[in-house]
Structures are given as structure tokens and as C-alpha cells.
Amino acid sequence: MGVNVRIPTPLRSLTQGQAEVSVGGKSIREIVENLEKAYPGIKERICDEQGNLRRFVNLYLNDEDVRFLKDLQTEVRDGDGLSIVPAIAGG
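Residues numbered from 1 in each chain as written. Predicted model: local features only at pLDDT ≥ 70, side-chain atom pairs only at ≥ 80, totals over all residues. Heavy atoms only, no water.

## Remarks on the overall build of the protein chain
So, step 1. Regarding its fold elements, the protein chain presents 2 helices and 5 strands.
So, step 2. Element order for the protein chain, N to C, with α for helix and β for strand: β-β-α-α-β-β-β.
So, step 3. For a compact globule of 91 residues, the expected C-alpha radius of gyration is about 12 Å, and the protein chain comes in at 12 Å, within 12% of that figure.
So, step 4. Considered along the principal axes of its C-alpha atoms, the protein chain spans approximately 40 × 30 × 25 Å.
So, step 5. Counting over 91 residues, the protein chain shows a buried share of 41%.
So, step 6. Pairs at least 24 apart in sequence give 47% of the contacts found in the protein chain among residues at least 6 apart.
So, step 7. Taking the average place of the 12 positive charges on the side chains of the protein chain and the average place of its 14 negative ones, the gap between the two points comes to 2 Å. (Helix = DSSP H or I, 4+ residues; strand = E, 2+ residues; numbered from the N terminus. Rg over C-alpha atoms; globule rule 2.2 N^0.38 Å. Buried < 20%, exposed > 50% of the residue type's maximum accessible area, 1.4 Å probe, protein only. Contact = heavy atoms within 4.5 Å. Lys, Arg positive; Asp, Glu negative; His and termini not counted. Charge placed at Lys NZ, Arg CZ, Asp CG, Glu CD.)

## Looking at the sheet that holds strand 1 (residues 3-6)
So, step 1. The mixed open sheet is built from 5 strands, whose spatial order is 2-1-5-3-4. Two strands in the sheet have a free side with no partner beyond their single neighbour: strand 2 (20-23) and strand 4 (64-65).
So, step 2. Where strand 3 (residues 57-61) meets strand 4, 2 bridges bridge the pair, whose relative direction is antiparallel. What sits directly across from Leu 61, in strand 4, is Glu 64. (Pairing = 2+ DSSP bridges.)

## Regarding helix 1 (residues 28-38)
So, step 1. Within helix 1, the full set of buried residues consists of Ile 28, Ile 31, Val 32 and Leu 35. Burial along helix 1 is one-sided: seen end-on, the buried residues are contained in an arc of 100°.
So, step 2. Summarising the contacts, the buried residues of helix 1 are in contact with strand 1, strand 2, helix 2 (43-46), strand 3 and strand 5 (81-86). (Arc of directions from axis to C-beta.)

## Section: the nonpolar core
Generally speaking, soluble globular proteins have nonpolar side chains that are buried together.
So, step 1. Counting residues in hydrophobic clusters, the biggest one holds 24 residues, and the most contacted among them are Val 5, Ile 28, Leu 35, Ile 46, Leu 59 and Ile 84.
So, step 2. Taken together, the elements giving at least two residues each to this core come down to strand 1, strand 2, helix 1, strand 3 and strand 5.
So, step 3. Looking at this core element by element, the count peaks at 4 residues for helix 1.
So, step 4. Those residues in contact with Leu 35, other than ones at most four positions away along the chain, are Val 5, Val 21, Val 23, Ile 42, Ile 46 and Ile 84. (Core = buried A, V, L, I, M, F, W, Y, C linked by side-chain atoms within 4.5 Å.)

Structure, rendered in C-alpha cells:
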């Protein structure tokens, strides 16, 4: 079954236009790695060179910011929803 990952519009070119994809894994880090295998180039948009979540990207697991959980170590279950939300700056 996997985790349902909601893809923001700016990243949909990497997922062949799909707004949602299903990816297997036991943690957010595994989900990101498996996203990269299925959709090359997506990981560099989500993670920095050290493999940490980029400052301007937010990940929400079932509507909770993973930074307030266990960040990329957060465990996931089949059927969970993960949203990739790029931060928007303005003034």
C-alpha cells in the first residue's frame, strides 16, 4: 500500500504531473530515498547536501510538521499521508 505523498505543483514535473504518489518505507527518510529512486531529482529539492530537510521545505505527516516529531527519523505506516509544502516568503 505505502504512504500517500502529496506533491506540490513546482515538483510535479519530476512525478510526470502526478499530484499524489504512493511510496513505501518505514520512516520519512526511507520515503524520501524511495521517492528519489522512482522520481530522480526530487530528493535534492527536499534535502540539502548533508541529507537534512531543507529550511524552505516543510513535510507534514498526517497534518503534523515532522520537525516537531522525529524529523526524517519519524516512523510512517501504510496509509499515512505525507505532504511536501514549500515555504512561501513574502512581505
